[in-house]
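# Chains, contacts and geometry: an overview
Spelled out, the chains give:
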Amino acid sequence: MNTLLDRLETVAKRYDELTQILMDPDIANDVKRMTEASKEQSSLEKAYGMYKEYKELLDGIEESKLLLSDSDPDIKEMAKMEYEELEKKRPELEERIQLELIPKDPNDGKNVIIEIRGAAGGDEGNIFAGDLFRMYSKYIENQGWKIEIEEAQTSEAGGYSLISFNVKGDSVYSKLKYESGSHRVQRVPKTESQGRVQTSTATVLVMPEAEEVDVQIEAKDLRIDTYRSSGAGGQHINKTDSAVRITHIPTGIVATSQDGRSQHDNRDKAMQSLRTRVYEHFREIEESKAGAERKSKVGTGDRAEKIRTYNYPQNRVTDHRIGLTIQQLDKIMEGKLDDIIEALINEDQKRKLEGEQN
């Protein structure tokens, strides 16, 4: 019994069901259902293609096995070569299928909101928060994604006590989700006259951007305040109450926007941010209930979890979750994060695969 084929056949059956659902003329009247069905089918597309490829390979193996008993020696020889070639391809394809069938994070295809805060270390923690923002900005630029500042609280010594920003692009969350947690820096601060190495931290929170279908927010549960922006945006910006603060009364979650072109623009941005933060709030509650599943992941998204150390004197970066050390801190800080992110993705897939097989 080929359990891998059985699993692929389940995927193929669901893919065909979704095709029928999307062909139903009535679905155009139900935007939520159409969006969900379209997203689900898109997430199954790669596995559906692998199903057809694997079935073709297995059929080819069976056909060549039958021809191995042919009386014609030439046909027999050709069948032997065909059989060996297909059997050689089989393990690699099966490994790819195993990885593709690992349950997907439904948020992987989403844009994100990232929040970076200076934490322990006072001014140095804020300066490091600014360094992390620069690092991520360069990585985001290299990926061809777009960045949009949501809120920035600058620090007198440099950097930020808080900066939050949107990242839009292709499957942003799938790569940046591992960045949530406490980032530790070890270096000699510019203000340190004795040359002593100081340890400071900044926290990073990566939230998948929520859409209206993801979370229901009632207008009666909102308090909307306007105030004068203190951010960049031209001389006119301080003359009107263009900045917007929205509070979700049931949870106490607050979102602000002050860098938009108008109060209307800021309101839209603040609402998008609030929706994401409320979604993240309830997602964390659900994940904490499923504790075992959460522990099997690389990183829990917990802001308190120390995930990485950036050691300047030794030009070293260490990711503590997977025991990875890279002696190229200078390159990492220039946004060259691919090696770390790929290693985290691979380890996450490996743990999930082991969890499935146990």
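Residues numbered from 1 in each chain as written. Predicted model: local features only at pLDDT ≥ 70, side-chain atom pairs only at ≥ 80, totals over all residues. Heavy atoms only, no water.

In the nomenclature of an unreviewed UniProt entry, the chain corresponds to Peptide chain release factor 1 from the organism Kandleria vitulina DSM 20405. Check the Subcellular location (unreviewed entry) section of the UniProt entry for the chain; it says "Cytoplasm". Annotation of the chain in UniProt includes, under Sequence similarities (unreviewed entry), the sentence "Belongs to the prokaryotic/mitochondrial release factor family." (UniProt positions renumbered as here; feature names shortened; annotations may be inferred.)

A count of helices and strands for the chain gives 9 helices and 11 strands. In the chain, which comprises 358 residues, the share counted as buried stands at 40%. In the chain, the share of contacts with a sequence separation of at least 24, taken over all contacts with a separation of at least 6, comes to 63%. A total accessible area of about 19,800 Å² is found for the chain, and carbon and sulfur atoms account for 48% of it. (Helix = DSSP H or I, 4+ residues; strand = E, 2+ residues; numbered from the N terminus. Buried < 20%, exposed > 50% of the residue type's maximum accessible area, 1.4 Å probe, protein only. Contact = heavy atoms within 4.5 Å. Areas by Shrake-Rupley, 256 points an atom, 1.4 Å probe, with all protein chains shown as cover.)

Take the sheet that holds strand E7 (residues 243-248) next. A sheet is described by the order of its strands in space; here 3 strands give the open sequence E6-E7-E8, paired in antiparallel fashion. Looking at strand neighbours, the two that pair on one side only are strand E6 (222-227) and strand E8 (253-257), the edges of this open sheet. Taking the axes of each pair of neighbouring strands and ignoring which way they run, one obtains an average angle of 15° across the sheet. Across 6 bridges, the pairing between E6 and E7 is antiparallel. Directly across from Ile 224, in E7, lies its bridge partner Ile 246. (Pairing = 2+ DSSP bridges. Axes fitted to C-alpha atoms, helices over the stretch in contact; angles between N-to-C directions.)

To continue, consider the environment of Lys 55. Among the structural elements, Lys 55 can be located in helix H2 (residues 31-67). Measuring from C-alpha to C-alpha, the distance between Lys 55 and Leu 8 comes to 9.4 Å, with 47 residues separating the pair along the chain.

On the surface, Glu 56, Asp 59, Glu 63, Glu 82 and Glu 85 cluster together into a patch of negative charge. Of all the secondary structure elements, the ones that give two or more residues to the negative patch are H2 and helix H3 (73-100). Counting residues per element, the negative patch draws most heavily on H2, at 3 residues. Here Glu 63 lies in helix H2. (Patch = residues over 30% accessible without salt bridge, like charges linked within 9 Å, V, L, I, M, F, W, Y side chains within 5 Å. Salt bridge = Lys/Arg side-chain N within 4 Å of Asp/Glu carboxyl O. Lys, Arg positive; Asp, Glu negative; His and termini not counted. Charge placed at Lys NZ, Arg CZ, Asp CG, Glu CD.)

The terminal C-alpha atoms of H3, which comprises 28 residues, lie 40 Å apart, in line with the 40 Å expected from a rise of 1.5 Å per residue. Arg 90 marks where H3 bends most, by close to 30°; the proline Pro 91 follows one to four residues later. Within H3, burial applies to Ala 79, Leu 86, Leu 93, Ile 97 and Glu 100. Of the surrounding secondary structure, the elements contacted by the buried residues of H3 are helix H1 (3-23) and H2. The N-cap of H3, judged by a side-chain oxygen 2.8 Å from the amide nitrogen of Asp 74 a few residues on, is Asp 72. (Expected span 1.5 Å × (residues − 1). Bend = angle between axes of the 7 residues up to and from the residue. Polar contact = N/O pair within 3.5 Å; in protein donor to acceptor, adjacent residues only side chain to side chain.)

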